[in-house]
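Take a look at the letters that make up each chain.
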Amino acid sequence: MTAIARLLLLLVIFQSSAFAFEEIHLQLDSLETTFFNTKNIVLSLEPQQSSQPGLSLQISNIHSPYIKQNFDASFDCVDLIYTVERINCGQGVLKIVYAEQEQIEIDFTFWINILDKSGQLTLATTLKNGNVIADFQLDADSNWQADIDASGLELAFISTVLELFKEYSIIDGKASLKAHMGGSEDKFENISLDANFTQLGIEGESVLDSVDIHTQMDMKMVDDNWSFITTLSLLAGEMYIQPGLNIMGEEPGFYIEVPAESIDFRLAGNWRPDMNMIELQDLYYSHPAVMQLQGSVRLALAEEISYSDLTLHAVIEDLGSSYPTYVQPILMQTNFSDLELSGAIDLSLDYEGTELNQIELFVDDLFLEDVESRFGLYGLNSHLALHSESEAVQSTLRWDGMSFYRLDFGPGNILFESMGKDVSVLEWRDVSILDGGLIIEEFALRNLASSDFELELGGTLTPISMEALTQALGWTIFPGKLSGEISGLKYTKNNLSLEGDIAFKLFGGQLNIQELQVDNLFSAYSVLTTDIKIDELDLEQLTDVFTFGKIEGSLNGRMDKLRLENWQPSYFEMEFSTPEKDDKPHRISQK
């Protein structure tokens, strides 16, 4: 029994005893509860003009962590009927005074059965043109329920009174809602909510502007576990959301403008407090004409949230619309931060525990081009399938063209075979590069859809006209042919390394790139290290390109410990010399 209820009971005992009292006043110096504390409480019982006794309660300087400032409250019941068994207030007013005499008046009625501790309290008030009715009931078996029905609440006013979100400020909007809670003693057993928010405006790290929302929630306790289903529909407005994700040291934000059709979100599942686990049996998100997601997952709630048994089906109908909304914000620190995109993607994932069981990806007519013209991919169509079974599965990948800086690559077609998480190439259509081509002799993908993903590549570059190459790159026109071999090129964990050499034939000699390593390849700040060796470069062929003169002879050289930071040279050690057995004339003529 609460301290207030005990005071009420004491008053009843005094009034119904053999002693006669015209009025009774009781005072408490302080009272502390979970929800509030105060330093001065005065409870009075005295006759009213109608000869019926009246009950008043004065509380000063109330402090609550849920309310922005301290306030005073007065509780007056002018129609009180009480016996040893029951206290009944047929008419009462609760006045709350705050912020320099701003006042809220709440009408109430209540009754309390002293013997079995049952009771009911009903509240009704008007707040800035909004209406609130609340009803609280407690039965003799300590089962309780609370119902709240509110309409037209001005949220900006509510946020000036209640301590809702310290980092946000509600500046506009109205709310209407119906809420129900029920339980036994100090336990919740069921919660439901149906709420509408209109023209909602919020300022802070996240921003909402003229947003309309309809949300419903239903939670029930079953065998000490909560089952729940909640839906949320965004009906109008625009918003900038920062969900608190940390990606490469940045916390991305997402700008969403609600289209004519609503954006819908649904969660259904079970929460197991004893296991600190949430099982989402139905996860659904639909942004019309942009993206749809549906799946399920098990979440272990610890210092770092981990997941298992994930199933996901994602359909991106328009990459051009989904990229700026959902993808670009998380790629701002990479080389993919500014792309032009079109096409569609259909992706299905299935994890058994934490191990990938199946993945299936369809890509339809993908167009991708970097705004700074560094790379592009055109007309990509693919069906990629991976299964954990031992039986091999075939996949296809084809494209109409691609580009890297100013180099254009021709169409390609690959037939894959996958077993588990590993993929190998069955057939490869050689890719044209200007007037030459790239012949792939080794291509393998391992540990797909995991942090240990690896790609290995090896092949031959058939002769490319240097004239065509240098013209495409915007360099001084070179004569001759460029050809080479690539072996042991490996990508893993955003790093690119070369276990073998890249050898090119150029200007009558050979150029070897060795010990190539690129760290953070797809990040905004990449670091390249390598050694370059030049053997028997024909200086006459080289200098014929330029107009300053002519050099005859051959050249050997090395550039060791070359380091490029963000693609700019920061260090190298260089040495050049004439080959020992060079039989060419060594002459220099200047024009």
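Our structure is the block above this text.
Numbering of residues begins from 1 in every chain and follows the order in which that chain's sequence is written. pLDDT decides what is reported in this predicted model: residues at 70 or higher carry local features, side-chain atom pairs at 80 or more are listed and counted, and totals for whole chains, interfaces and linings draw on all residues regardless. Hydrogens and waters are ignored; side-chain quantities use all the structure's heavy atoms.

Let's talk about a negative patch on the surface
Only residues whose relative accessible area exceeds 30% and that form no salt bridge enter a patch; like-charged residues are grouped when within 9 Å of one another, and nonpolar side chains (Val, Leu, Ile, Met, Phe, Trp, Tyr) when within 5 Å. Residue exposure ignores everything except the shown protein chains as possible cover, and the areas themselves are Shrake-Rupley values with a 1.4 Å probe. By definition, a salt bridge exists where a carboxyl oxygen of Asp or Glu is found within 4 Å of a side-chain nitrogen of Lys or Arg. The charged-residue count follows a simple rule in which Lys and Arg add positive charge and Asp and Glu add negative charge, with His and chain termini not counted at all. In this description, the location of a charge corresponds to atom NZ of lysine, CZ of arginine, CG of aspartate or CD of glutamate. On the surface, Glu167, Glu205, Glu250 and Glu251 cluster together into a patch of negative charge. On the secondary structure map, Glu205 appears in the loop between β14 (187-204) and β15 (207-222). Counting from the N terminus, the helices are the DSSP runs of H or I reaching at least four residues and the strands are the DSSP runs of E reaching at least two.

Brief notes about the nonpolar core
Side-chain atoms within 4.5 Å link the members of a nonpolar core, which is a set of buried Ala, Val, Leu, Ile, Met, Phe, Trp, Tyr and Cys residues. The cut-offs for exposure are 20% and 50% of the maximum accessible area for each residue type, with area from a 1.4 Å probe on protein chains only; residues under the lower value are buried, those over the upper are exposed, and the others partly exposed. In this structure, Leu200 and Leu516 are the most contacted members of the largest nonpolar core, which totals 80 residues. Looking at this core element by element, the count peaks at 5 residues for strand β23 (residues 355-370). Contact definition: two residues touch when any of their heavy atoms are within 4.5 Å. Setting aside residues no more than four positions away along its own chain, Leu200 makes contact with Leu155, Ile170, Asp172, Gly173, Leu208, Asp209, Ser210, Val211 and Ile213. Ala73, Leu94, Ile96 and Phe157 belong to the second-largest nonpolar core, a separate cluster that totals 29 residues.

As for helix α3 (residues 319-327)
Along α3, the residues that are buried comprise Leu319, Ser322, Tyr323, Thr325 and Tyr326. Looking at the buried side of α3, the elements it contacts are β17 (254-257), β19 (277-287), β20 (291-300), β21 (306-316), β22 (339-352) and β23. At the N-terminal boundary of α3, the capping side chain belongs to Asp318, with an oxygen 3.0 Å from the backbone nitrogen of Gly320. We define a polar contact as two N or O atoms separated by no more than 3.5 Å, with the added condition that, inside protein, one atom must be a possible hydrogen donor and the other a possible acceptor, whereas residues neighbouring each other in sequence contribute only through side-chain atom pairs.

A closer look at the environment of Pro65
Mapped onto the elements, Pro65 comes out in the loop between β5 (53-62) and β6 (71-77). Through-space distance from the C-alpha of Pro65 to that of Ala150 is 23 Å; in sequence the pair is 85 residues apart.

Here we look at the packing of aromatic side chains
Here the aromatic set is Phe, Tyr and Trp, taking the six-membered ring for Trp, and pairing holds for ring centres within 6.5 Å; pairs whose planes are under 30 degrees apart are stacked, those over 60 apart are edge-to-face, and all others are tilted. A complete count under the given rule lists 9 aromatic pairs for this structure. Residues Phe108 and Phe110 carry aromatic rings whose centres are separated by 6.1 Å and whose planes lie at 20 degrees to one another, so their mutual orientation is stacked. Owing to a relative accessible area of 3%, Phe108 belongs among the buried residues under this scheme. Given a relative accessible area of 8%, Phe110 falls into the buried group. Here, over-ring charges are defined by two tests on the NZ atom of lysine or the CZ atom of arginine: distance to the ring centre within 6 Å, and angle to the ring normal within 35 degrees. The cationic tip of Arg266 hangs over the ring face of Tyr284; the distance from NZ or CZ to the ring centre is 4.6 Å.

A few points about a nonpolar patch on the surface
Together, Val207, Tyr240 and Tyr255 give the surface a local cluster of nonpolar side chains, amounting to about 250 Å² of exposed area. Inspection of the secondary structure assignment puts Tyr240 in strand β16 (residues 225-241). Its relative accessible area of 33% is what places Tyr240 among the partly exposed residues.

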